[in-house]
Amino acid sequence: MSDQNAELDAALERVVEAARAHLEAVKAAAGRIDDDDVWQAYVDLNNASFAYDEKLLDAYGEVTPWDVESIDPDEADQRFLAAEGASAAAGDPYPKVISVRQRRDYRVPSVSALLRVAETARRSSVPDDEDAGPVESVGEAVLELLQAGDGSLASLDVPELEPLDGLLTVTEVEKPLDLEAFDDADGSGPFAPVETDTLVGRLDEHPFLPDEEDDHAGHNHP
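Scope of this entry: the structure provided in the associated data block. Along each chain, numbering runs from 1 in the same order as the chain's sequence is written. Selection of residues for local features in this predicted model requires a pLDDT of at least 70, selection of side-chain atom pairs for listing and counting requires 80 or more, and totals for whole chains, interfaces and linings are taken over all residues. Computation of side-chain values: all heavy atoms of the structure, hydrogens and water removed.

Notes on the overall build of the chain
What counts here: Helix and strand assignments come from DSSP, with helices taken as H or I runs of at least 4 residues and strands as E runs of at least 2, each series counted from the N terminus. Should any heavy atoms of two residues lie within 4.5 Å, those residues are considered in contact. Under the convention used here, a 1.4 Å probe and the Shrake-Rupley method define accessible areas, while residue burial counts only the protein chains that appear.
Regarding its fold elements, the chain presents 6 helices and 3 strands. The helix and strand sequence of the chain, counted from the amino end, reads α-α-α-β-α-α-β-β-α. By sequence separation, contacts in the chain at least 24 residues apart represent 71% of the contacts at least 6 residues apart. Carbon and sulfur atoms make up 54% of the accessible area of the chain, which totals about 15400 Å².

What to know about the sheet that holds strand S1 (residues 97–107)
Defined as follows: By definition, two strands form a pair when at least two bridges between them are found by DSSP. Only the stretch in contact is used when fitting a helix axis, every axis being a line fitted to C-alpha atoms; angles between N-to-C directions are given from 0 to 180 degrees.
As summarised here, the arrangement of the 3 strands in space is S1-S2-S3, forming an open sheet in which the pairing is antiparallel. Since the sheet does not close on itself, it has two edges, and those belong to S1 and strand S3 (198–205), each with one partner. On average, each strand axis in the sheet is tilted by 15 degrees relative to the strand beside it, whichever way the strands run. As paired elements, strand S2 (residues 162–173) and S3 share 7 bridges and run antiparallel to each other.

Some remarks on helix H1 (residues 2–29)
Here is the rule we go by: Given the number of residues in a helix, its expected span is that number minus one, multiplied by 1.5 Å. Relative accessibility thresholds used throughout: buried, under 20% of the residue-type maximum; exposed, over 50%; partly exposed, between the two (1.4 Å probe, protein chains only).
Its 28 residues give H1 an end-to-end C-alpha distance of 41 Å, which sits within 8% of 40 Å, the value for a rise of 1.5 Å per residue. Among all positions of H1, only Leu8, Ala11, Val15, Ala18, His22, Ala25 and Ala29 are buried. One or two steps after H1, the chain reaches Ala30, where phi turns positive at roughly 55 degrees.

Some details on helix H4 (residues 111–124)
Here H4 contains 14 residues, and its C-alpha end-to-end distance of 20 Å stays within 8% of the 20 Å for a straight helix at 1.5 Å per residue. What H4 keeps buried is the set Ala113, Leu114, Leu115, Ala118, Ala121 and Arg122. Against the buried residues of H4 lie helix H5 (138–148).

So, a nonpolar patch on the surface
This is how it is decided: Here, patches come from residues exposed beyond 30% relative accessible area and free of salt bridges, joined within 9 Å for like charges and within 5 Å for nonpolar side chains (Val, Leu, Ile, Met, Phe, Trp, Tyr). When a carboxyl oxygen of Asp or Glu lies within 4 Å of a side-chain nitrogen of Lys or Arg, that pair is called a salt bridge.
On the surface, Tyr94, Ile98 and Val100 cluster together into a nonpolar patch covering about 320 Å² of accessible area. Looking at where Val100 falls in the secondary structure, it is placed in strand S1.

Quick notes on the packing of H1 against helix H2 (residues 36–60)
Worth spelling out the cut-off: We call two directions roughly parallel when the angle between them is under 35 degrees, roughly antiparallel when it is over 145, roughly perpendicular when it lies between 65 and 115, and oblique otherwise. Working rule for handedness: look at the near helix, and if it is turned counterclockwise from the far one by less than a right angle, call the crossing left-handed; if clockwise, right-handed. Amino acids outside the nonpolar list (Ala, Val, Leu, Ile, Met, Phe, Trp, Tyr, Cys, Pro) and the charged list (Asp, Glu, Lys, Arg) are all regarded as polar, and Gly is one of them.
Where H1 contacts H2, the two axes come as close as 8 Å, and the packing angle between them is 160 degrees. Taken as axis vectors, H1 and H2 run roughly antiparallel relative to one another. When you trace H1 past H2, the crossing you get is left-handed. Looking at the contact of H1 with H2 residue by residue, the classes come out as 19 nonpolar, 4 polar and 6 charged.

Considering the packing of H4 against H5
With their axes 9 Å apart at the nearest point, H4 and H5 run at an angle of 35 degrees to one another. For the pair H4 and H5, the sense of crossing is left-handed. On the side of H4, the interface is formed by Val111, Leu114, Leu115, Val117, Ala118, Ala121 and Arg122, while H5 contributes Val138, Glu140, Ala141, Val142, Glu144, Leu145 and Ala148. Class assignment for the residues of the contact of H4 with H5 results in 11 nonpolar, no polar and 3 charged.

Some points on the pattern of salt bridges
Throughout the structure, instances matching the rule amount to 11 salt bridges. The residue Glu205 makes a salt bridge to Arg104 at a minimum N-O spacing of 3.6 Å. With a gap of 101 residues between them, Glu205 in strand S3 and Arg104 in strand S1 connect regions that are remote in the sequence. Close ionic contact of Arg122 with Glu140 constitutes a salt bridge, the shortest N to O distance being 2.8 Å. With Arg122 in helix H4 and Glu140 in helix H5, the pair connects residues that are 18 residues apart, well separated along the chain. Among the residues examined, Glu140 registers a relative accessible area of 27% and is labelled partly exposed. Overlapping salt bridges bring together Arg104, Asp157 and Glu205 as one network.

Function cannot be inferred from these measures alone, as they are strictly geometric.
In structure tokens form, the structure reads like this:
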């Protein structure tokens, strides 16, 4: 454990040194946008913090308040240079459209409970002198919750729906979505990729069980 503690102390010292170097770079830049030294110091501080967080978790099962992911320095340089080029060419739009598509599945532990909460949501959006009408199916209940909320998947974070695995993709497409090109009953066409689409990446979502949520509180690992 003494060797492990020494590694922890060294990792913490690297965080302190990186924080000081970042502050000095920020001061030297004096508010200058897209400063290379500030960016490099940021990457160093980020990775030092991530490394310390990992060692602390491995040694003692503890975490820091820092919610960071490791940044590849080479990839970071490429992104920084690309951002510099974009800012230099002001008014030059990106030639493609970015499409973000998300799917999350749910299990319904109790159909009757889901219908009740959906009917409550429907009544809250209908004037008192009007009949809200019953919610008659699971699909209708989910749609009602989305309409009563903000339209995002966050509207479905209710005990009556148990989240399962989900998926988010980021894709470069040639043209933006044309809703008029698809029938109202077509639920797959607007999401189907075409040959010219380029998948940039995907994020897999895995729900945590209640005891797992405590273990992962305040900490995010790939």
